[in-house]
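So the chains spell out like this:
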Amino acid sequence: MNFSPLQNFKKEDFFLDPIPHIIIKNALPEELYTELRNTYPANKFNFSNQNLARNDFENLSPNNVILNVPHEEIQKDKEVSELWKNFMLFFKSKEFCFQVFDIFSKSIVDAYPNFFKNKDELYNLSVGQPDSKSGSNSADLFPYAMVMYNTPVKKKARLRRSDGRALQIHPDGPNKLITGLIYFRDEDDTSVGGDLVIHKWRISLPFFMKKIVIAKRDNFLNSIIRKLHPLFIEEAVKVKYSSNTFVMFVGSIDSLHSVSPRGVTKNIRKTIHMGIPYKKQYWDPYSIIDKVFNFKNYKFLQFLWSKKKPNVR
């Protein structure tokens, strides 16, 4: 069975502005998509294991929060169908990586010329999984996939991570070659919003300034900078939360994206999230502000902090 969401790709699905990305409608064959949607493993989300903010534990029904189940847990669960297990497994394969390179190889090489001289080098990269015990990386690429949903919306609010932080405009990790997303919207879902939004820089900024604007760490100064995002960043493309839609883009510091606010609804926002990380980081994600205001960089402050903590036995 062909599980690839790229099987119906056409040249007109590819866009360069504002970043290299594709949007494929009706990505999967209708019969396959319908069966996957109807058996979407939403009941596998255990709120107590999702590191939810304290106020959400009381009713175990968090408002518009991101929850996910990684591929490994899906494979172990006896209640999940073999169809879903095979579907998720496909996104970790060399076959899928090569299909991605067939579309994005030039864009990846253009984005990271210091890492890849030509597209042939991409096809020669090895595909594997990181060793969680030793921490060693025996391969070049470590593709992953996860079932991801956003909880129902009882009160319109910005999408939050499971730790309670709002999901801001952001690029993905600095080792992420590719990010992809498939929508599995319920047939009876009449909610508005929950769209993937791709942003772009309003003005040309030097690299170090871009890192300051995207504000990686949480501190007082970065919270102010985040409120100034509209001065530097604007919306460019909105990918509607529509059934059987697949979107994928090349990762870089310019791959800014977010999720639009979603109206009140009892329906969960159902997606599959996948990516292809590389063994090395392409850029340092932390700005000078992140580093200056990170007290862990100062041994003397760590000493003072440790003195203030009570000696509990």
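Preceding this section is the structure that the text describes.
Since the structure is predicted, the reported quantities are computational estimates derived from the model, not experimental observations.

Thresholds, definitions, all that
- Residues numbered from 1 in each chain as written.
- Predicted model: local features only at pLDDT ≥ 70, side-chain atom pairs only at ≥ 80, totals over all residues.
- Heavy atoms only, no water.
- Helix = DSSP H or I, 4+ residues; strand = E, 2+ residues; numbered from the N terminus.
- Buried < 20%, exposed > 50% of the residue type's maximum accessible area, 1.4 Å probe, protein only.
- Contact = heavy atoms within 4.5 Å.
- Areas by Shrake-Rupley, 256 points an atom, 1.4 Å probe, with all protein chains shown as cover.
- Axes fitted to C-alpha atoms, helices over the stretch in contact; angles between N-to-C directions.
- Parallel < 35°, antiparallel > 145°, perpendicular 65-115°, else oblique.
- Left-handed = near helix turned anticlockwise from the far one by under 90°.
- Nonpolar A, V, L, I, M, F, W, Y, C, P; charged D, E, K, R; others polar.
- 1 Å grid on protein atoms, 1.4 Å probe; cavity = no way out; pocket = protein on both sides within 12 Å on 5 of 7 lines; lining within 4 Å.
- Points joined across faces, edges and corners; volume = space filled by probe spheres on them.

Chemist: Explain the overall build of the chain here, please?
Modeler: Looking only at helices and strands, one finds 11 helices and 10 strands in the chain. Taking all 313 residues of the chain together, 51% fall into the buried category. Contacts spanning at least 24 positions in sequence make up 78% of the contacts within the chain whose residues lie at least 6 apart. Looking at the chain as shown, the accessible area adds up to about 16900 Å², and 52% of this sits on carbon and sulfur atoms.

Chemist: Is there a simple way to think about the packing of helix 1 (residues 30-38) against helix 4 (residues 82-90) in this case?
Modeler: Two numbers describe how helix 1 lies on helix 4: the axes approach to 10 Å, and their chain directions differ by 110°. As far as their axial angle goes, helix 4 and helix 1 are roughly perpendicular. Here helix 1 and helix 4 pass one another in a crossing that is left-handed. Residues Leu32, Glu35 and Leu36 of helix 1 pack against Leu83, Trp84 and Phe87 of helix 4. Its residues placed into classes, the contact of helix 1 with helix 4 shows five nonpolar, no polar and one charged.

Chemist: How should the layout of surface pockets be read in this particular structure?
Modeler: Picture a little ball the size of a water molecule; that probe, rolled over the atoms, points out where space is still empty. As a volume, the largest pocket reaches approximately 1100 Å³. Along the walls of the largest pocket sit 42 residues, with Arg161, Leu167, His170, Pro171 and Asp172 positioned nearest its centre. Contributions of two or more residues to the lining of the largest pocket are made by strand 3 (66-70), strand 4 (144-150), strand 5 (176-183), helix 8 (220-227), strand 8 (245-250), strand 9 (257-259) and strand 10 (269-277). Looking at the lining of the largest pocket residue by residue, the classes come out as 20 nonpolar, 13 polar and nine charged.

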